[in-house]
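# Observations on chain architecture
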Amino acid sequence: AVRDEVVLRAATGQVMRVYSAAQFGGAVAASGARTVIVGQHAVTSYANRTGKVIWSRQTGQVPQAWQVDGNHLYMSVAAGAYQGAAPVTALRRIDLNTGAERIVRPHGRSFTGSLDLAFSGAVLFADATAVRAYSETTGRLLWRYRGALPDAIDAATGRLYLISGNTLVEVDPATGQTLAHVAGAAAASSSGLYAVRDGDVLGIDHGALGKAWGYNVAAQQVLWTSRPLPWPHFFVDLSGIGGSAPPDQDAVLLAICAHVGVQAPGAPAPRCSRPELAVLNR
């Protein structure tokens, strides 16, 4: 399956370009001049003004898992497709500015687990037993953390967060050293947690009286809660480009429903007849 990625002019909403992307791909880097798209069989950088290809790197016959860290895209090399069970025998490390590519291989037959995250020089692979961090440049195993899954990053503080049971664990991405714990279902719920920004966990409670909240890891306390938000409510964007809580801004953007319509027969939930955006200051 494929999908279209649409580039709009921010000032006018005019459609500038439409690019074809893989179902689990899409725009992984963008500026006013260029857009980098993960497609079905290649990663391609386009010039937005003309639509011409600036560079393109072939990635094989089946779509692969990928992650972005800084100016580099990391894509698995496996016989199976994106969600396949085939072992990852290598990673493509692609420079998003120039398209320069190098192959990173593990110190063994394959990386253990599936590619879940890339951050601060480490690529994280996870399976049912542990999270394992490998060097982004050498493929060497850096550390492992048993009984956990990758959950979030904090670019401002350079910290990585794992979920272990109902506990959010702050670790050093280079060494795996545990730096802090956030225990409790509210702060550690992967369904309610959106992001960590400058040491503050941002999340949302679901349900008709749900609120958004900020929890400071160092102080181990809730800093603020919003007023009850009309249901349904959710963070606007989970893609990583822009997002509901940009790392360099204090604004948190939520979608809420100002008025719920009549529930149609057989529908699982009533339709929102007046969606709105709510901006919070974190």
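Residues numbered from 1 in each chain as written. Predicted model: local features only at pLDDT ≥ 70, side-chain atom pairs only at ≥ 80, totals over all residues. Heavy atoms only, no water.

A tally of regular secondary structure across the protein chain gives one helix and 25 strands. On C-alpha atoms alone, the protein chain measures out to a radius of gyration of 20 Å, which is about the 19 Å that the 2.2 N^0.38 rule sets for 282 residues. A buried classification covers 42% of the 282 residues belonging to the protein chain. For the protein chain, restricting intrachain contacts to residue pairs at least 6 apart in sequence, the fraction spanning at least 24 positions comes to 33%. With an accessible surface of roughly 14400 Å², the protein chain has 52% of that area assigned to carbon and sulfur atoms. (Helix = DSSP H or I, 4+ residues; strand = E, 2+ residues; numbered from the N terminus. Rg over C-alpha atoms; globule rule 2.2 N^0.38 Å. Buried < 20%, exposed > 50% of the residue type's maximum accessible area, 1.4 Å probe, protein only. Contact = heavy atoms within 4.5 Å. Areas by Shrake-Rupley, 256 points an atom, 1.4 Å probe, with all protein chains shown as cover.)

Moving on: the pattern of salt bridges. Oppositely charged side chains are able to pair whenever their charged atoms sit close together. Scanning the entire structure with this criterion turns up four salt bridges. The salt bridge partner of Glu 5 is Arg 3, with a shortest N-O separation of 2.8 Å. The class of Glu 5 is buried, set by a relative accessible area of 17%. Taking relative accessible area as the criterion, Arg 3 reaches 35% and is therefore assigned partly exposed. With its nearest N and O atoms 3.1 Å apart, the salt bridge here joins Arg 92 to Glu 101. Look at Arg 92 and you get buried, because its relative accessible area is 16%. When its relative accessible area of 32% is taken as the criterion, Glu 101 is described as partly exposed. (Salt bridge = Lys/Arg side-chain N within 4 Å of Asp/Glu carboxyl O.)

Counted under the stated rule, the structure contains four aromatic pairs. With a centroid separation of 4.8 Å and 10° between ring planes, the pair formed by Phe 111 and Phe 125 is classed as stacked. One end of the pair, Phe 111, is in the loop between strand S10 (101-104) and strand S11 (114-119); the other, Phe 125, is in strand S12 (residues 122-126), and 14 residues separate them in sequence. Since its relative accessible area comes to 2%, Phe 111 is described here as buried. Accessibility expressed as a relative area gives 0% for Phe 125, which makes it buried. Cluster of aromatic residues (ring-pair linked, three or more members): Phe 111, Phe 125 and Tyr 134. (Phe/Tyr/Trp six-rings, centres within 6.5 Å; stacked < 30°, edge-to-face > 60°.)

Here we have four strands laid out as an open sheet, ordered S7-S8-S9-S10, and antiparallel in their pairing. The sheet terminates laterally at strand S7 (66-69) and S10, the two strands that pair on one side only. Here the strands of the sheet are splayed against their neighbours by 25° on average, with no regard to which way each runs. Pairing between strand S8 (residues 72-78) and strand S9 (residues 88-95): seven bridges, direction antiparallel. When the sheet's bridge partners are listed, Met 75 is paired in S9 with Arg 92. (Pairing = 2+ DSSP bridges. Axes fitted to C-alpha atoms, helices over the stretch in contact; angles between N-to-C directions.)

On the surface, Val 6, Leu 8, Val 15 and Val 18 cluster together into a nonpolar patch covering about 340 Å² of accessible area. At the level of elements, strand S1 (2-8) and strand S2 (15-22) are the ones that each hand at least two residues to the nonpolar patch. With respect to the helices and strands, Leu 8 occurs in strand S1. The class for Leu 8 is partly exposed, based on a relative accessible area of 48%. (Patch = residues over 30% accessible without salt bridge, like charges linked within 9 Å, V, L, I, M, F, W, Y side chains within 5 Å.)

Turning our attention to the sheet that holds strand S13 (residues 130-135). If you trace the four strands from one edge of the open sheet to the other, you get S11-S12-S13-S14, paired in antiparallel fashion. Edge positions in the sheet fall to S11 and strand S14 (141-146), since each has one partner strand and no second. For this sheet, the mean angle separating the axes of adjacent strands, direction not counted, is 25°. Here S11 runs beside S12; their pairing, made up of five bridges, is antiparallel.

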